[in-house]
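Spelled out, the chains give:
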Amino acid sequence: DEKARCAFCHMQEGSHSFEVEVTTTCQDCHGSVALDEIAPPGGEPNYDGDPMTKPKAEVTVFAARLYEAIQAYCAAKADDPMPPSGASYTAYDGAAYPYFFKDTNKNGVVDGNEASAMRFDSKSLRAAFNYQYFQKEPGAWAHNNKYIVQILYDAIDDLDGDLTGLIRP
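Numbering of residues starts from 1 in each chain and follows the order in which that chain's sequence is written. The predicted nature of this model means local features are confined to residues of pLDDT at least 70 and side-chain atom pairs, given and counted, to a pLDDT of 80 or more, with totals for whole chains, interfaces and linings taken over all residues. Hydrogens and water are ignored here; the side-chain numbers use all heavy atoms of the structure.

*Asks:* I would appreciate a short explanation of the overall build of the chain in the present structure.
*Replies:* Put simply, DSSP marks the helices as runs of H or I at least four residues long and the strands as runs of E at least two long, and each gets a number from the N terminus on. Scanning the chain from N- to C-terminus turns up six helices and two strands. Ordered by position from the N terminus, the helices and strands of the chain form the series α-α-α-β-β-α-α-α. Only the protein chains shown count as cover for residues, with accessible areas throughout obtained via the Shrake-Rupley method and a probe of 1.4 Å. Total accessible area computed for the chain in this model is approximately 9900 Å², and 53% of it derives from carbon and sulfur atoms.

Printed below as a string of structure tokens:
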């Protein structure tokens, strides 16, 4: 199917920028909407408990819950009376490698003086990997919605995070 090819969305009407553009061709299936509002033709199952949430925003709900779960999990380890070696609060900065840093002032933000890379245990490392995968694949909501939702859901579940209202595909 021609519409399933990358070039169908990424090279509309002769453009070679590879940026997705909503054109009249898109509107034939999706109607007159902005890129962030596009939903698959015929609808997509709802995973966040709100039928009005479009797929891109819905995946963002899962990612936000995963980030909260990572922070809560790491904080619980750091606050343990006998914390494991390297346990620390964590903060994320997608523009600064290695992305996850020790949050020494516990404000949830990577500040200029917090340059130490976060050390994860195996459980939090898996979750951090899945969160980073979501962050670095901004088209995951469109390219394989069920897969990205599922890995985010499973990572939240593995960290005993808040799954209230969320549905696993």
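Having put the structure on the table, let's press on.
*Asks:* What's the story with a nonpolar patch on the surface in this structure? I'm lost.
*Replies:* Patch building starts from residues that exceed 30% relative accessible area and form no salt bridge, then joins like charges within 9 Å and nonpolar side chains (Val, Leu, Ile, Met, Phe, Trp, Tyr) within 5 Å. What makes a salt bridge here is a side-chain nitrogen of Lys or Arg within 4 Å of a carboxyl oxygen of Asp or Glu, nothing more. A cluster of nonpolar side chains, namely Phe129, Tyr133 and Tyr147, defines an oily patch on the protein surface of about 340 Å² accessible area. Relative to the elements of secondary structure, tyrosine 147 occurs in helix 6 (residues 145-158). Throughout this description, buried means an accessible area under 20% of the type-specific maximum (1.4 Å probe, protein chains only), exposed means over 50%, and partly exposed covers the range between. Given the relative accessible area of 43%, tyrosine 147 is considered partly exposed.

*Asks:* I keep staring at the nonpolar core and nothing clicks. Help me out?
*Replies:* Taken as a class, soluble globular proteins show a tendency for nonpolar side chains to be buried jointly. Grouped together as the largest cluster of nonpolar side chains are 30 residues, with contacts concentrated most on Leu66, Ile70, Phe100, Tyr131, Ile148 and Leu152. Breaking this core down by element, the ones donating at least two residues are helix 3 (55-79), strand 1 (90-92), helix 4 (122-136), helix 5 (140-143) and helix 6. At nine residues, helix 3 tops the list of elements feeding residues into this core. Apart from the residues lying within four places of it in its own chain, the contact partners of phenylalanine 100 are Tyr67, Ile70, Thr90, Ala91, Tyr92, Ala117, Met118, Phe120, Ala128 and Tyr131. What is meant by a nonpolar core is a set of buried Ala, Val, Leu, Ile, Met, Phe, Trp, Tyr and Cys residues, joined one to another through side-chain atoms within 4.5 Å. We call two residues in contact whenever any of their non-hydrogen atoms come within 4.5 Å of each other.

*Asks:* Honestly, the packing of aromatic side chains in this entry has me stumped. Any pointers?
*Replies:* Pairing of aromatic side chains requires ring centres within 6.5 Å, counting the rings of Phe and Tyr and the six-membered ring of Trp. Pairs whose planes differ by under 30 degrees are stacked, by over 60 edge-to-face, and all others tilted. Taken as a whole and assessed by the stated rule, the structure comprises nine aromatic pairs. The interplanar angle of 85° and the centroid separation of 5.5 Å between the aromatic rings of tyrosine 97 and tyrosine 99 together place this pair among those described as edge-to-face. Owing to a relative accessible area of 69%, tyrosine 97 belongs among the exposed residues under this scheme. Feature note: the residues Tyr67, Tyr92, Tyr97, Tyr99, Phe100, Phe120 and Tyr131 constitute an aromatic cluster, connected by ring pairs.

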